[in-house]
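# Coordinate analysis (summary)
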Amino acid sequence: MRLISTAIFLVFFSLSPVFAQLRLPFSESNKNESYPKESYPVDGTHLLDKQEQMVRDYIKLHPDALAKMRLGKTSAWNFQVGSTKAWNSQDLTKSYPGSIYQVPSTCRKVGTYCYIFVEDELWGNRVTQASVDSVALYFDHKTPADPNKGIYQTDVEDFGDIADVDADPRVIILIEDIKDGYSGSGGYVAGYFTGLNEVNMTGSNHAEMYYLDGNPGNLSSQGGLLQAISTTAHEFQHMIFWNYHQSWQQATFINEGCSMLAEINAGFTARGQGGQYGYNNETNYYLMGWRSVGDDKNLIDYSRASRFFLYLRDQFGMGIFKNIVTSSQFGYACFNDALQKTGSTLKLADVFTNFMMANIVDDRSQNPAYGYIYQGLPKPTGSVFPNPNMSSSSNLHFLSGEYLTYSEPQDLNITFTSQSSSLIVKAFETGPSGSKVQNVLLNTPFSDPQLGTGYTTVTFAVINPTESDDNSASTAYSFNSTGPVPPAMELKWDEHEPTGLYKFDTGDTVCVTFDAVKGGRLDSIRVALRRAGSIDGGVWESTGQSRPTPLGKKLASLTASTTLTPSVPYPVPWTNWRGVDLRSKNIPTDKPFAVGFVFGADAAVPGIMVTHHTGSSDPYHSYTYFTPSGSPANWYYLTAGTDTVAIYLIRAYVSFTNVQSAVSKDLRPLSYSLSQNFPNPFNPVTTIRYGIPESGFVTLKVYDMLGNEVASLVNKDQMPGEYTATFDGKNLSSGVYFYKLSQGNFTQTKKLLLMK
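A few points on the structure. (Residues numbered from 1 in each chain as written. Predicted model: local features only at pLDDT ≥ 70, side-chain atom pairs only at ≥ 80, totals over all residues. Heavy atoms only, no water.)

## Some details on the overall build of the chain
To keep things clear, this is the line we draw: Strands here are runs of E lasting at least two residues and helices are runs of H or I lasting at least four, both read from the DSSP assignment and numbered beginning at the N terminus. Any two residues whose heavy atoms approach within 4.5 Å at even a single point are treated as in contact. Note on areas: Shrake-Rupley, 1.4 Å probe, and residue coverage restricted to the protein chains presented here.
For the chain, the helix and strand inventory stands at 11 helices and 38 strands. Nonlocal contacts in the chain, meaning residues at least 24 apart in sequence, comprise 73% of its contacts between residues at least 6 apart. In the structure as shown, the chain presents an accessible area of about 29,600 Å², 48% of it carried by carbon and sulfur atoms.

Here it is, written out as structure tokens:
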């Protein structure tokens, strides 16, 4: 979202693009259509927690279990390409031991450090020899990060050794259709490791092995193959981690964080399952919290773990992770133990505070602890306050924090209050003078005379660095801030002139989502229309997600109309912007909201213009409900390439006062307009839309064929804007009538037809 004359703020959605041919034509050129994946990969290791506890209990009762396993198998597997075996696998939807079933498979590759088996039913379709060779190549010999070192060597050097219970240096990788309850959408298990195979229990394979998914994971596609190779690094780390925690469970956050870092360290993107944006939208959550299976927010836990462990790597190097994996301490104490062994004098509380600052500063030149080496991480937005007159309270979880940004900070005065001295507050100021970080004292007013001039934006990081394994504890605080009330603000995503429009069918819907503007009121919206006509829409609360719908509770109905149809090539600047005054609706903007339009009977009228923005890391916020060719009706976003997103030209205007002048002058019609009534002919009700560019006394009246006035629809002073009037002819006879709009020296008349 662009805040004109202020800083830039974005609202993020963690979606991934899939590209297909668009069934609906783009008016000026052929474009592509893209939509959020209905499926997303997750790690399955943590789904087996209850079973893994049984394994740990078994080892406690049989401390020599692994030694007996090694003695019981005195020779290597010595598989060859073509060797067949029915491996035991896990039905992740059932409880152990009833979850065990057998997978007929064939060895398709013998590598330096691996045997790769493929479920027979997958071979030649979703898994090919080329894809198996690629998995083996990356496991044995190279990674995107190092062309001379594979995943096996990288993970062993960085995290530790495997248990080696089967007298074979090679790890078995089974590619199968993992039974996880996947039904065509939602999360599917991309891979998993279980310690069951390391001990002599029911269902064990008595082998060092882990599993990769081949359906819906598709190793015959480039994207699916990269996902599988990245998952290989992830699951192999779980195998290493298990070796040091055979009889006791470390915090899931630590195990999963190491596996996420294994992917990054091998050169794969710091995706954090669920997207890096996931953590950015939920920073006030216990650092090491890990939610139950089936909770969609569990994906954010992966995002948080990915980012924190990446920060540890960039600050302390890979050496710290072996200390983390091998530590005998649980939870937060594990981090303190690893830091001490690494030679650092810092505690977890110190590291976490610096981590919270690095997320918004990300500048190692200002402070090495306040930045990443890794490039391209999006910054958290937090709460944005264009109006400095705010007062609120919150509870911060232990090892969590919140960000509060003031985009109009001139003469800002703010006080943070808490009965606890454990909270830390820092101010990060940016502007023409550069950037700086200041400490903010609790229970003491804070101000900076340079705010608003040298530093035009300030973000306060409120941090609770309390070290604890209690994921429910929190600390209360409040803040109160004052300052001058800013003028009206324009919120927009578009940066360029329109490039065309997409043509949709009756009932298709387009919408643009906007971030919350605390303390504001939605005064109006403005939309770029293509042709003469009218289109109905509304304002909704935003659900914060694309599916099942971005539209929540409806806040208001609206209609945008125009009498203009600009020529091609398009005029610059675009002349056919039309505004809708919403001041009478009194819509607060304290929550994210969406503005949308529904297409009527004629899909060509009037059409909403789009522009395109290049940048694959930017959020998707323009959504369309329609039926693409070969896909079901649903909410989608449109692209013109692999990294170019279509943006509907819809803008919103927010003010912080109740004065009528809050509506932007840009919303005023450029000229008078009187639209043809719709429907026409009508029986008995029709709608008349008109626009006036100046304030003044307005009349809109209806006359019969003899010039007699039969209805007075408008007879009052009106501000500049677009308006709608309804004419009900239930008491009139069928026939031709005339309606006339007048203001000052302007008069325009049109004809309507009543047919009963």
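Still more to cover.
## Things to note about the pattern of salt bridges
Counted only if it meets this: By definition here, a salt bridge exists when the distance from a side-chain nitrogen of Lys or Arg to a carboxyl oxygen of Asp or Glu is within 4 Å. Think of it in three bands: residues with accessible area under 20% of the maximum for their type are buried, residues over 50% are exposed, and the middle band is partly exposed, with areas taken using a 1.4 Å probe on protein chains only.
All told, the structure shown has 19 salt bridges when counted by the stated rule. Residues D91 and K94 are paired through a salt bridge, measuring 4.0 Å at the closest nitrogen-oxygen approach. A relative accessible area of 9% places D91 in the buried class. Its relative accessible area of 52% is what places K94 among the exposed residues. Residues joined by salt bridges that share partners form a network here, namely E282, R291, D301 and R304.

## What about the nonpolar core?
Selection rule: Only buried Ala, Val, Leu, Ile, Met, Phe, Trp, Tyr and Cys residues count toward a nonpolar core, and they belong to the same one when joined by side-chain atoms within 4.5 Å.
Within the largest apolar cluster, 94 residues are counted, with the highest numbers of intra-cluster contacts made by F236, F253, F308, F309, I324 and F335. The residues touching F335, leaving out its near neighbours within four places in the chain, are F253, I254, M288, F308, F309, L312, I324 and L348.

## Re the pairing of strand β26 (residues 593-598)
Selection criterion: Paired strands, in this sense, are two strands between which DSSP finds at least two bridges.
The element β26 is extensively covered by neighbouring structure, given that five of its six residues are classed as buried. Two elements, strand β20 (residues 509-514) and β26, share six bridges in a ladder whose sense is antiparallel. Considered in β26, the bridge of T509 is made with V598. Sheet topology places strand β22 (residues 533-542) next to β26; six bridges connect them, and they run antiparallel. By the bridge assignment for β26, G538 is matched with G596.

## Examining helix α2 (residues 65-72)
Counted only if it meets this: This arc corresponds to the set of directions leading from the helix axis out to the C-beta atoms.
Within α2, the full set of buried residues consists of A65, L66 and M69. Within α2, the buried residues cover an arc of 95° as seen down the axis, which keeps them to one side. Across from the buried face of α2, at angles greater than 90 degrees, the exposed residues are K68 and L71. On its buried side, α2 packs onto α1 (49-61) and α5 (222-243).

## Side note on the sheet that holds strand β36 (residues 721-728)
An order of β32-β33-β36 is seen for the three strands of this open sheet, with the pairing classed as antiparallel. In this open sheet, the two strands that pair with only one neighbour each are β32 (673-674) and β36. Two strands pair when backbone bridges link them, and strand β33 (residues 685-692) and β36 are joined in this way by eight bridges, in the antiparallel orientation. For I688, the partnering residue across the bridge sits in β36 and is A725.

## A short note on the environment of K297
Position of K297 among the secondary structure elements: in the loop between α7 (276-280) and α8 (298-316). Using a relative accessible area of 45% as the deciding quantity, one classes K297 as partly exposed. Spatially, the C-alpha atoms of K297 and Y279 are 9.7 Å apart, while their sequence positions differ by 18 residues. Once residues within four sequence positions are removed from consideration, K297 is found in contact with E282 and R291.

## Thoughts on unusual backbone geometry
That bond from R547 to P548 is cis: its omega, 10°, falls within 30 degrees of zero. In this fold, P548 is placed in the loop between β22 and β23 (551-562). For the peptide bond that leads from N683 to P684, omega is -10°, which places it in the cis range. With respect to the helices, strands and loops of the structure, P684 is situated in the loop between β32 and β33. One non-glycine residue, D362, lies in positive phi territory at about 45°. Phi is positive for N586, which is not a glycine, with a value near 50°. Along the chain, N586 turns up in the loop between β24 (577-581) and β25 (587-588).

## Remarks on the side chain of R304
What counts here: Residues adjacent in sequence count toward polar contacts only when both atoms are side-chain atoms; beyond that, a polar contact is any pair of N or O atoms within 3.5 Å, and within protein one must be able to donate a hydrogen and the other to accept it.
Structurally, R304 is set in helix α8. One polar contact links the side chain of R304 to the main-chain carbonyl oxygen of G289, over a distance of 2.5 Å. Not counting residues up to four positions away in its chain, the partners in contact with R304 are F253, Y279, E282, Y285, Y286, L287, G289 and R291.

## Let's talk about helix α6 (residues 252-265)
Stated formally: Expected helix span is computed as 1.5 Å times (number of residues minus one).
Look at α6: 20 Å from first C-alpha to last across 14 residues, which is about the 20 Å you get at 1.5 Å a residue. The buried fraction of α6 amounts to 14 of the 14 residues, a majority that puts the element mostly inside the structure. Remark: G267 follows α6 within two positions and exhibits a positive phi of approximately 105°.

## A few points about the packing of aromatic side chains
Note the cut-off: Each aromatic pair joins two rings of Phe, Tyr and Trp (for Trp, the six-membered one) with centres within 6.5 Å, and gets the label stacked for planes under 30 degrees apart, edge-to-face for over 60, and tilted for any other angle. In this scheme, the term charge over a ring applies when either NZ of a lysine or CZ of an arginine sits within 6 Å of the ring centre and within 35 degrees of the ring normal.
Tallying each qualifying case throughout the model produces 40 aromatic pairs. Residues Y279 and F355 carry aromatic rings whose centres are separated by 6.0 Å and whose planes lie at 40° to one another, so their mutual orientation is tilted. One end of the pair, Y279, is in helix α7; the other, F355, is in helix α11 (residues 348-361), and 76 residues separate them in sequence. The pair Y279 / F355 is uniform in exposure class, with both members buried. Each ring, one from F514 and one from F593, has its centre 5.2 Å from the other, and the planes form 25°; the classification is stacked. In this pair, F514 sits in strand β20 while F593 sits in strand β26, placing the two residues 79 residues apart along the sequence. For the pair formed by F514 and F593, the shared burial category is buried. Through pairs of rings, three or more aromatic residues link up here, namely F159, F253, Y279, F308, F309, Y311, F321, F335, F352, F355 and Y372. The cationic tip of R108 hangs over the ring face of W123; the distance from NZ or CZ to the ring centre is 4.1 Å. The ring of W577 carries the charged tip of R526 above its face, separated from the ring centre by 4.3 Å.

## Side note on the sheet that holds strand β14 (residues 413-417)
The criterion, for reference: To obtain each axis, a line is fitted to C-alpha atoms, and for helices this fit is confined to the stretch in contact; angles are then taken between N-to-C directions over 0 to 180 degrees.
If you trace the three strands from one edge of the open sheet to the other, you get β12-β18-β14, paired in antiparallel fashion. Where the open sheet ends on each side, the last strands, each with one partner, are β12 (390-397) and β14. Strand after strand, the sheet turns through a mean of 20° between neighbouring axes, direction not considered. In this structure, β12 lies alongside strand β18 (residues 474-482), joined through eight bridges in antiparallel fashion. Within the sheet, the bridge partner assigned to L396 lies in β18 and is T475.

Keep in mind that these numbers describe shape and distance, not what the molecule does.
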